[in-house]
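# Geometric and topological summary
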Amino acid sequence: MDERFYDDAGAVGRRYRRQDEVGTPFCITVDFETLGEQGDDLKNTVTIRHRDSMEQERLPISDLLAWLLGRVR
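Cut-offs and rules
- Residues numbered from 1 in each chain as written.
- Predicted model: local features only at pLDDT ≥ 70, side-chain atom pairs only at ≥ 80, totals over all residues.
- Heavy atoms only, no water.
- Pairing = 2+ DSSP bridges.
- Helix = DSSP H or I, 4+ residues; strand = E, 2+ residues; numbered from the N terminus.
- Axes fitted to C-alpha atoms, helices over the stretch in contact; angles between N-to-C directions.
- Contact = heavy atoms within 4.5 Å.
- Phe/Tyr/Trp six-rings, centres within 6.5 Å; stacked < 30°, edge-to-face > 60°.
- Buried < 20%, exposed > 50% of the residue type's maximum accessible area, 1.4 Å probe, protein only.
- pLDDT = per-residue confidence, 0-100.
- Core = buried A, V, L, I, M, F, W, Y, C linked by side-chain atoms within 4.5 Å.
- Salt bridge = Lys/Arg side-chain N within 4 Å of Asp/Glu carboxyl O.

Another aspect to go through is the sheet that holds strand β2 (residues 45–50). Strands in a sheet are paired, the pairing made by backbone hydrogen bonds, and the direction either parallel or antiparallel. Taken in spatial order, the 3 strands line up as β1-β2-β3 in an open sheet, and their pairing is antiparallel. Each having just a single partner strand, β1 (26–29) and β3 (56–60) make up the two edges of the open sheet. Ignoring strand direction, the axes of neighbouring strands in this sheet form an average angle of 30°. Contacts from helix α2 (residues 64–72) reach β1, β2 and β3, with the element oriented near 170° to β1.

Under the counting rule described, the total for this entry stands at 1 aromatic pair. Note on F26 and W67: the rings are 4.9 Å apart at their centroids and 75° apart in plane angle, and the pair reads as edge-to-face. One end of the pair, F26, is in strand β1; the other, W67, is in helix α2, and 41 residues separate them in sequence. Judged on exposure class, the residue F26 and its partner W67 are both buried.

Moving on, we come to the confidence of the model for the chain. The pLDDT averaged across the chain works out to 86; a share of 92% of its residues lies at or above 70. When the elements of the chain are averaged for pLDDT, helix α1 (residues 12–22) gives the smallest value, 83, and β3 the largest, 95.

Another aspect to go through is the nonpolar core. Counting 6 residues, the largest nonpolar core is built from F26, V46, I48, L59, L64 and W67. Looking at this core, the elements that each hand over two or more residues are β2 and α2. Filtering out sequence-adjacent residues up to four positions away, V46 remains in contact with I28, T29, V30, T34, E57, R58, L59, I61 and L64.

Taking burial as the measure, the 6 residues of β2 include 6 buried ones, the bulk of the element. Neither face of β2 is open: one carries T45, T47 and R49, the other V46, I48 and H50, and all of them are buried. Relative to β2, β1 is paired through 4 bridges, and the arrangement is antiparallel. Across the sheet, residue C27 finds its bridge partner in β2, namely R49.

What follows is about the pattern of salt bridges. Close approach of charged atoms allows side chains of opposite charge to pair. By the definition in use, this model includes 5 salt bridges. With its nearest N and O atoms 2.8 Å apart, the salt bridge here joins D31 to R58. Within this pair, whereas D31 is found in the loop between β1 and β2, its partner R58 is found in strand β3, the two being separated by 27 residues in sequence. Judged by relative accessible area, which is 26%, R58 ranks as partly exposed. The partner of E33 in a salt bridge is R58, and the shortest N-O contact between them spans 3.5 Å.

Structure follows, in structure tokens:
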């Protein structure tokens, strides 16, 4: 995978900052909760971080495409 789009180096906070610097409007994080390793409550969900507000929200992966399309069109 192209490293410009996938970043697994360093702590997640540093990754967010690198993406902020290049202007990425939203960062999507797949973590242990996504994989169900912390229980089934958040399995198959991702965290989305908004660059401008630094707000984070979690949503089901199945809703991700519609969520992104609603914000970039």
